[in-house]
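Commentary on secondary and tertiary structure
So the chains spell out like this:
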Amino acid sequence: MENNCGYLVIIGGAEDKNGESTILKQASEMVSQNQLLTVLTTATETPQETGNNYYEVFTRLGVKNVQILNINTRDDADDTQNCDLIEKSRCLFMTGGDQLRITSILGGTRAYHEIKKLYENGGIIMGTSAGASVMSSTMIVQGNDNEPARKCTLKMAPGLGLFNGVIIDQHFDQRGRFGRLLCGVAENPDVLGLGIDEDTAVKLFPDMHFEIIGTNAVTIIDGKTIQCSNVSELNPNEILAIMGVTVHVLPQGYGFNLINRKVLRIKNEEQ
């Protein structure tokens, strides 16, 4: 797993917008005064309201150059003016909503390629809730909350492919999503499951380690140690049996090295 790209800030949703805003403050710390932060509202069906909300938050936190980009159709995603805005951005922030709106509207378009190019050229991609899930190559689009792991209740689809080798789930502990992420890892033990709680984020660095930011925790499900499971034998709605899976639960102050799959203790200083 290698990465010569920029930074990802992957937020589990319901991040603090009115107080200290520790997670969203990452933008003002990483974007200089003359650089552009673009808020992409494709995921939401209320783009104007959502965009204006984030505009006010990022402006309050000290980002001087904020633009709202409403891409709501595939024609919008191939529009030269819209794509030029992405190209000029230092940071792209993807709002919450429906991750399938992001992939179905952006997939294969010029805007999609500009987003990938932005990241590959050292830029910053931030996303919350649906905007977080969509960063992986394969994303969860449907699954039962507060239920044990069952094979046929989990539906996955291709994501944007910014962060390979992981499956990301958000609103994780608050909506009881451990079972569905566990099933996703059981189906493909090579991937790492990242369950990100609300008001919590994973900040991925170019050297392929990440740090936890925020008030709750990130659950990491590592399938490489799985000894066996019945996932290939299950009939619809049967309960998953799995043995030997490794689980870490990490709050702020911890991180994870994706190269050797080891937990990191981050120095006790402001993130």
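Here, the structure is the one placed above.
Cut-offs used in this document
Residues numbered from 1 in each chain as written. Predicted model: local features only at pLDDT ≥ 70, side-chain atom pairs only at ≥ 80, totals over all residues. Heavy atoms only, no water. Core = buried A, V, L, I, M, F, W, Y, C linked by side-chain atoms within 4.5 Å. Buried < 20%, exposed > 50% of the residue type's maximum accessible area, 1.4 Å probe, protein only. Helix = DSSP H or I, 4+ residues; strand = E, 2+ residues; numbered from the N terminus. Contact = heavy atoms within 4.5 Å. Pairing = 2+ DSSP bridges. Axes fitted to C-alpha atoms, helices over the stretch in contact; angles between N-to-C directions. Polar contact = N/O pair within 3.5 Å; in protein donor to acceptor, adjacent residues only side chain to side chain.

1. Comments concerning the nonpolar core
General note: in soluble globular proteins, nonpolar side chains tend to be found buried as a group. Core analysis: the largest hydrophobic core is formed by 45 residues, its most contacted members being Leu8, Ile10, Ile71, Leu106, Ile125, Phe163 and Phe210. Broken down by element, the residue count for this core peaks at 5 residues, all from helix α6 (residues 110–120). Setting aside its immediate chain neighbours within four residues, isoleucine 10 contacts Gly127, Ala132, Met135, Phe163, Ile168, Ile196, Thr200, Ala201 and Val202. Counting 21 residues, the second largest nonpolar core, distinct from the first, contains Ile23, Val57, Val63 and Cys91.

2. What to know about the sheet that holds strand β10 (residues 200–204)
Note on sheets: strands pair through backbone hydrogen bonds, and any given pair is parallel or antiparallel. On the basis of which strands lie adjacent, the open sheet formed by 9 strands has the order β3-β2-β4-β5-β1-β10-β11-β16-β17 and mixed pairing. Where the open sheet ends on each side, the last strands, each with one partner, are β3 (66–69) and β17 (262–265). The mean inter-strand angle of the sheet, taken between neighbouring strand axes irrespective of direction, is 20 degrees. Here helix α2 (residues 47–60) sits on the sheet and contacts β2 (36–40), β3, β4 (89–94) and β5 (124–128); the angle it forms with β3, its principal contact strand, is near 165 degrees.

3. Looking at the side chain of histidine 209
Note that histidine 209 resides in strand β11 (residues 209–214). With relative accessibility at 13%, the residue histidine 209 sits in the buried group. A distance of 3.1 Å separates polar atoms of two side chains, one belonging to histidine 209 and the other to glutamate 211. Ignoring any residue separated from it by four or fewer positions in sequence, one finds histidine 209 in contact with Lys203, Leu204, Phe256, Asn257, Leu258 and Leu264.

4. Section: the sheet that holds strand β9 (residues 192–196)
Taking strand neighbours across the sheet as the criterion, the 4 strands line up as β8-β9-β12-β15 in an open arrangement whose pairing is mixed. Of all strands in the sheet, those bounded by a partner on one side alone are β8 (166–170) and β15 (246–251). Each strand axis lies, on average, 15 degrees off the axis of its neighbour in the sheet, ignoring direction. Sheet topology places β9 next to strand β12 (residues 217–222); 5 bridges connect them, and they run antiparallel. When the bridges of β12 are listed, leucine 194 appears paired with isoleucine 220. Where helix α8 (residues 178–187) meets the sheet, its contacts fall on β8, β9, β12 and β15, and the angle it forms with β12 comes to roughly 30 degrees.

5. Structural notes on the side chain of asparagine 257
Inspection of the secondary structure assignment puts asparagine 257 in strand β16 (residues 254–257). The buried category is assigned to asparagine 257, whose relative accessible area is 19%. A polar atom in the side chain of asparagine 257 sits 2.7 Å from the backbone nitrogen of isoleucine 259. If we skip the residues at most four places from it in the chain, asparagine 257 touches Met208, His209, Lys262 and Leu264.

6. A look at the pairing of β5
With respect to burial, β5 is a largely interior element, 5 of its 5 residues being buried. Going residue by residue along β5, you find Ile124, Met126 and Thr128 tucked away on one face and Ile125 and Gly127 tucked away on the opposite face as well. Taken together, the 5 bridges between strand β1 (residues 7–11) and β5 define a ladder with parallel strand orientation. Looking at the pairing, leucine 8 lines up with isoleucine 125 of β5. Where β4 meets β5, 4 bridges bridge the pair, whose relative direction is parallel. What sits directly across from leucine 92, in β5, is isoleucine 125.

Function cannot be read off these values alone, since they describe shape.
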